[in-house]
Amino acid sequence: MAIIACPFCGRKISDKSTECNHCKKDLTAMTPEKMHALARDKHFDKVQSLITQSMLALILFLLGFGLLYWWDPVAGSFQQLIAYGCILVGFIWYIITRGRILLIKKRK
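Throughout what follows, the structure given in this document is the object of discussion. Worth saying up front: this structure is predicted, and the values here are computed from it rather than measured.

### Some points on the environment of Val47
- One can find Val47 in helix H1 (residues 32-71).
- What makes Val47 buried here is its relative accessible area of 9%.
- Measuring from C-alpha to C-alpha, the distance between Val47 and Leu102 comes to 9.7 Å, with 55 residues separating the pair along the chain.
- Excluding anything up to four places from it in sequence, Val47 contacts Ile104 and Lys105.

Written out as structure tokens, the structure is:
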């Protein structure tokens, strides 16, 4: 008896189980082809989610520069703080997300 990951929820279960103890999904109809297709779809969804996050981070980053340009805030004002905060958060979020995308693609 081996411990495997449930193809639906990813939690550890026995390979002899007919049903996942956690998500209660039926595992009797799962062929190796279906399990591979399910894993491929999960991987694709994860990469697409990270790509969407990186786009949102880039938009936040550019919004910060736009706020600096259009608001023309006074030095030390709350508006300037908001603009710099958007730039900083967007930049860090983008770098971390792109790193996660590279790690996922490298593992595959």
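### Here we look at the state of the cysteines
- Under the counting rule described, the total for this entry stands at zero disulfides.
- Between Cys9, a cysteine without a disulfide, and Cys6, which holds the nearest cysteine sulfur, the sulfur-to-sulfur distance is 3.7 Å.
- For Cys9, a relative accessible area of 33% gives the class partly exposed.
- Sulfur of Cys23: no disulfide; nearest cysteine sulfur belongs to Cys20 and is 3.5 Å away.

### What about H1?
- With 40 residues, H1 should reach 58 Å at 1.5 Å per residue; the first-to-last C-alpha distance of 58 Å fits that figure.
- Of the positions making up H1, those classed as buried are Val47, Leu50, Ser54, Ala57, Gly64, Gly66 and Leu67.
- Buried positions along H1 lie against helix H2 (78-107).
- Following H1 by one or two positions, Asp72 has its phi on the positive side, about 50 degrees.

### Examining the environment of Cys20
- The residue Cys20 is located in the loop between strand S2 (12-14) and H1 in this model.
- For Cys20, a relative accessible area of 0% corresponds to the buried category.
- Put simply, Cys20 and His36 are 16 residues apart on the chain and 17 Å apart in space, counted from C-alpha to C-alpha.
- Each residue touching Cys20, except ones within four places of it in the same chain, is listed here: Cys6, Cys9, Ile13, Lys25 and Leu27.

### Re the packing of aromatic side chains
- Inspection of the entire model under this criterion finds three aromatic pairs.
- The interplanar angle of 85 degrees and the centroid separation of 5.1 Å between the aromatic rings of Phe61 and Phe65 together place this pair among those described as edge-to-face. Taken together, the residues span about one helical turn, with Phe61 and Phe65 both in helix H1 at a distance of four residues.
- For Phe65, a relative accessible area of 43% translates into the label partly exposed.

Scoring rules and cut-offs
Residues numbered from 1 in each chain as written. Predicted model: local features only at pLDDT ≥ 70, side-chain atom pairs only at ≥ 80, totals over all residues. Heavy atoms only, no water. Helix = DSSP H or I, 4+ residues; strand = E, 2+ residues; numbered from the N terminus. Buried < 20%, exposed > 50% of the residue type's maximum accessible area, 1.4 Å probe, protein only. Contact = heavy atoms within 4.5 Å. Disulfide = S-S within 2.5 Å. Expected span 1.5 Å × (residues − 1). Phe/Tyr/Trp six-rings, centres within 6.5 Å; stacked < 30°, edge-to-face > 60°.

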